[in-house]
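Close look at the chain arrangement
Read off the chains here:
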Amino acid sequence: MKSNSGFWNKAIRLVLLMILTYVLLFPMTVALFTSLKPPGEVITATPSLLPHDFTLQNYRVLFSLREFPRYLLNSFLVSCYTALISILVSSLAAYALVWMNFTGKRTIVKAIFFTYMFPQILLVLPLFLMCYELNLIDTKMALVLTYLSFSLPFCVWMLKSFFESIPEELVEAAMLDGCTYLQCLFKVVLPVSIPAVTAVLVFSFVLGWSEYLFANTLIISDTNRTIAIGLQTLIGYYRVDYGLLTAASIVMTLPVLLFFVTVQKYFIQGLVVGSVKE
Amino acid sequence: MAKLFLENLTKVYDNKVAAVKDVNLSIEDKEFLVMVGPSGCGKSTILRMIAGLEEITSGNIFIGETRVNDIPPKDRDIVMVFQNYALYPHMTVYNNLAFSLKMKGIDKEEIKRRVSDTAKILEIEELLKRKPKQLSGGQKQRVALGRAIIRNPKVFLLDEPLSNLDAKLRVQLRAELYRLYKRLNTTIIYVTHDQTEAMTMGSKIVVLKDGIIQQTGTPQNIYKYPLNTFVAGFIGTPPMNLLEAEINGELSVQFQQFSFTLEEKHKEVIRAGGYAGKKVIFGIRAEEITTSQSECSMGPVTGEVEVIENLGSELNVYINTTDGGLVTKVHPGTEIKIEDKIKLYFNTGQLHLFDKDNGRRII
């Protein structure tokens, strides 16, 4: 009786997951197959999911467009800078907030949380003006700094929560073993926080990669556009080349997908397990 | 060389709780000092202050001739073994052992040699490639000890290193730890709440309560002459029996069921302290209570057997009397069962009398 109910539980769960996966993957699948269709097949009277003739024509056209590789590179640079600076600054901040004593610590923690509560749209104008005053309009630096202001509060909180779960003795042992604060962070704390570090990296990278609102506001010239804005330029005034657009969407998704596949195992891995007696 | 001196050491936390109050303690070179006391008595705080992990509110710590209050932990030449081992989970046993040497910039060959020597001493050679999560509790503790001894420090601080292990392993590692101490011939400060560990390992014991040192001395000295009722009740298994009694007009110790006369030298102390006619606490160890009368025994006290603990080599018998609860040790062959009415005799050769108000030892 018990095994029977276990079977049904599993079956229901599986069906639900299948439906969810279908809903999530459907647009991706349509985009993928559309991008592989020749132009004449994209819009037909009787639409079909699979192309009759597979072709990489759309991708060839896409990469022959002068600006497209540049958009990709711009996005890649902005995302990487955002991710790396996020992890660097947030890990230092979280370390200080968890293990160092200084006045105003609680206020700082609350203030960081507070900054995360503003909706992005509210900040477009002030940030634009700030960038204008700093002469940063139409630079990648403006984007990186803006993204950091969104990613950092989240990353600091995320790392802070994770660091709090690390036994204090581990840090103390490192200090007694001769580590400075920085050595302790890079040699002991960050290596045991791989799941959180990965999460922070993914979050800030994806933020930089897919952000649209600020990229559209702060970037003016074609050479500094990121892929999210670049995608929009493929939409013509009179006509939309869906084959090209879907190919670009797929190309835009790939780096994030690859990034996820590479780091996903670290999400699951609980490295602290076994270090101390629980 | 590694003499330690704590001078008026005090720790008050932000919430105004004083964890350690005015502790003065001298730890000789190569001494095995055990700090023992119940949870929250401040023993770990003292250890952490010596290590430099806890700020000192007031007072001084000297290692040798140097005042170390403001010296960072890494420069104090001290190691600490933690209760939960605190091994680096992302490193192999080899790297865990080698970490402190790497931080000092010692060359690779030397590190290799020292890791191998340490592993040999602790018999963990075959574990060097494993990570902490692949080790058992006892193995983890060995690695933690290894991480300490590889540095060859002036002082070892051990914070309840055995309390996470099961009973059998604890006894085994206790002996190993003591052998290690003999071999290393160094200064060890060992913190525990387990008085058996304190008695069996320490060359000197410090008993703490509420951040105040209650008594310092050799295990034997503390066992035989506890300075107050707390120490009397804390040290020894089973703890000392403490009964309320009265010093009557003839300077005898008066119980409900019987009384006995004090020796002349003790009478002097009682008279001088003004205890005549006052209530006192009478203390007697379980092994000083017998079920048969002898020349120097006083009694009898009649009571009913409540609990019998069979330890194999002896029985701990808990008896309820009109003077209070008592525990005595009897030979396992003794015919005794629960609810038996038995007569007990006190061997008063080793007398303990304490002030009822402040618990301090009178005799």
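Calculation criteria
- Residues numbered from 1 in each chain as written.
- Chains lettered and ligands numbered in written order.
- Predicted model: local features only at pLDDT ≥ 70, side-chain atom pairs only at ≥ 80, totals over all residues.
- Heavy atoms only, no water.
- Buried < 20%, exposed > 50% of the residue type's maximum accessible area, 1.4 Å probe, protein only.
- Helix = DSSP H or I, 4+ residues; strand = E, 2+ residues; numbered from the N terminus.
- Patch = residues over 30% accessible without salt bridge, like charges linked within 9 Å, V, L, I, M, F, W, Y side chains within 5 Å.
- Areas by Shrake-Rupley, 256 points an atom, 1.4 Å probe, with all protein chains shown as cover.
- Salt bridge = Lys/Arg side-chain N within 4 Å of Asp/Glu carboxyl O.
- Polar contact = N/O pair within 3.5 Å; in protein donor to acceptor, adjacent residues only side chain to side chain.
- Contact = heavy atoms within 4.5 Å.
- Pairing = 2+ DSSP bridges.
- Expected span 1.5 Å × (residues − 1).
- Domains from an automatic or database assignment.
- Buried area = accessible area lost by both parts, 1.4 Å probe.
- Axes fitted to C-alpha atoms, helices over the stretch in contact; angles between N-to-C directions.
- Parallel < 35°, antiparallel > 145°, perpendicular 65-115°, else oblique.
- Left-handed = near helix turned anticlockwise from the far one by under 90°.
- Nonpolar A, V, L, I, M, F, W, Y, C, P; charged D, E, K, R; others polar.
- Core = buried A, V, L, I, M, F, W, Y, C linked by side-chain atoms within 4.5 Å.

Residue and element names in this part refer to chain B. Of all 9 residues in helix α1 (residues 43–51), 8 are buried; the element is thus mostly enclosed. Regarding α1, the residues found buried are Lys 43, Thr 45, Ile 46, Leu 47, Arg 48, Met 49, Ile 50 and Ala 51. Immediately beyond the C-terminal end of α1, within one or two residues, lies Gly 52, with a positive phi of roughly 95°.

Further remarks concern a nonpolar patch on the surface. A surface patch of nonpolar side chains, about 980 Å² in accessible area, is lined by A:Phe7, A:Trp8, A:Ile12, A:Val15, A:Leu16, A:Ile19, A:Tyr22, A:Val23 and A:Phe26. Locating A:Tyr22 in the fold gives a position in helix α1 (residues 2–35).

The next thing to look at is the side chain of B:Lys43. All names here are of chain B. Along the chain, Lys 43 turns up in helix α1. In terms of polar contacts, Lys 43 uses its side chain to reach the backbone carbonyl oxygen of Pro 38, at 3.3 Å. For Lys 43, the contacting residues outside a window of four places in its chain are Met 35, Val 36, Gly 37, Pro 38, Glu 160, Val 191, Thr 192, His 193 and Leu 208.

Looking now at the sheet that holds strand β16 (residues 297–310) of chain B. Note: strands within a sheet are paired through backbone hydrogen bonds, in either parallel or antiparallel orientation. Residue and element names in this part refer to chain B. Overall, antiparallel pairing links the 5 strands, which are arranged β15-β19-β16-β17-β18 in an open sheet. With partners counted over all chains shown, the strands left at the sheet margins are β15 (289–290) and β18 (324–330), one partner each. In this structure, β16 lies alongside strand β17 (residues 315–321), joined through 7 bridges in antiparallel fashion. Within the sheet, the bridge partner assigned to Glu 304 lies in β17 and is Asn 320.

Residues and elements named next belong to chain B. Tracing the sequence through the fold places Tyr 225 in the loop between α7 (219–224) and α8 (229–234). C-alpha separation for the pair Tyr 225 and Arg 361, spaced 136 residues apart in sequence, amounts to 8.5 Å. Discounting chain neighbours no more than four positions away, the residues touching Tyr 225 are Gln 215, Gln 350 and Arg 361.

This brings us to unusual backbone geometry. A cis amide bond links B:Thr237 with the next residue in sequence, B:Pro238, at an omega value of -10°. The topology assignment puts B:Pro238 in the loop between α8 and β11 (241–247). Here A:Asp138, not a glycine, exhibits a phi torsion of approximately 65°, which is positive. In this structure, A:Asp138 sits in the loop between α6 (120–133) and α7 (140–165).

Across its 17 residues, helix α10 (residues 194–210) of chain A extends 24 Å between first and last C-alpha, which sits within 8% of the 24 Å expected from 1.5 Å per residue. Turning to α10(A), its buried residues number three or more, namely A:Pro195, A:Ala196, A:Val197, A:Thr198, A:Ala199, A:Val200, A:Val202, A:Ser204, A:Phe205, A:Leu207, A:Gly208 and A:Trp209.

All names here are of chain A. Considered domain by domain, chain A is made up of domain 1 (1–55) and domain 2 (65–273). Computed over C-alpha atoms only, the centres of domain 1 and domain 2 are separated by 31 Å. The partner domain 2 presents 6 residues to the 7 residues of domain 1 that form the contact. Taken as a group, Met 28, Ala 31 and Ser 35 account for 56% of the area that domain 1 buries against domain 2, more than any other trio of residues on that side. Seen at the junction of domain 1 and domain 2, the total is 0 salt bridges. Taken together, the connections running from domain 1 to domain 2 amount to 1 residue pair in polar contact (both at pLDDT 80 or more).

Moving on, we get to the packing of helix α3 (residues 108–122) of chain B against helix α4 (residues 137–149) of chain B. Residues and elements named next belong to chain B. Relative to each other, α3 and α4 sit at 135°, their axes nearing to 10 Å. Relative to α4, α3 is oriented oblique. Relative to α4, the crossing made by α3 is right-handed. Residue-level inspection shows Thr 118, Ile 121 and Leu 122 of α3 in contact with α4, the latter providing Arg 142, Leu 145, Gly 146 and Ile 149. A per-class count over the contact of α3 with α4 returns 4 nonpolar, 2 polar and 1 charged.

Ranked by size, the top nonpolar core spans 61 residues in total, and within it A:Phe163 and B:Ile189 carry the most contacts. Residues contacting B:Ile189, with those up to four places away along its chain left out, are B:Leu4, B:Ile27, B:Leu33, B:Met35, B:Leu47, B:Ile50, B:Val155, B:Phe156, B:Leu157 and B:Leu158. Listed in part, the 45 residues of the second largest apolar core include B:Val34, B:Leu162, B:Leu165 and B:Tyr223.

This part takes up the interface of chain A and chain B. Facing 25 residues of chain A, the contacting portion of chain B comprises 25 residues. For the pair chain A and chain B, the summed buried area comes to about 2200 Å², and 63% of that belongs to carbon and sulfur atoms. A:Glu172 is the partner of B:Arg48 in a salt bridge, and the nearest nitrogen-oxygen pair spans 2.6 Å. Summed over the shared surface of chain A and chain B, the number is 7 residue pairs in polar contact (both at pLDDT 80 or more). Elements represented by at least two residues in the side of chain A that touches chain B include exactly α8 (168–176) and α9 (181–192) of chain A. Counting residues per element, the side of chain A that touches chain B draws most heavily on α8(A), at 8 residues.

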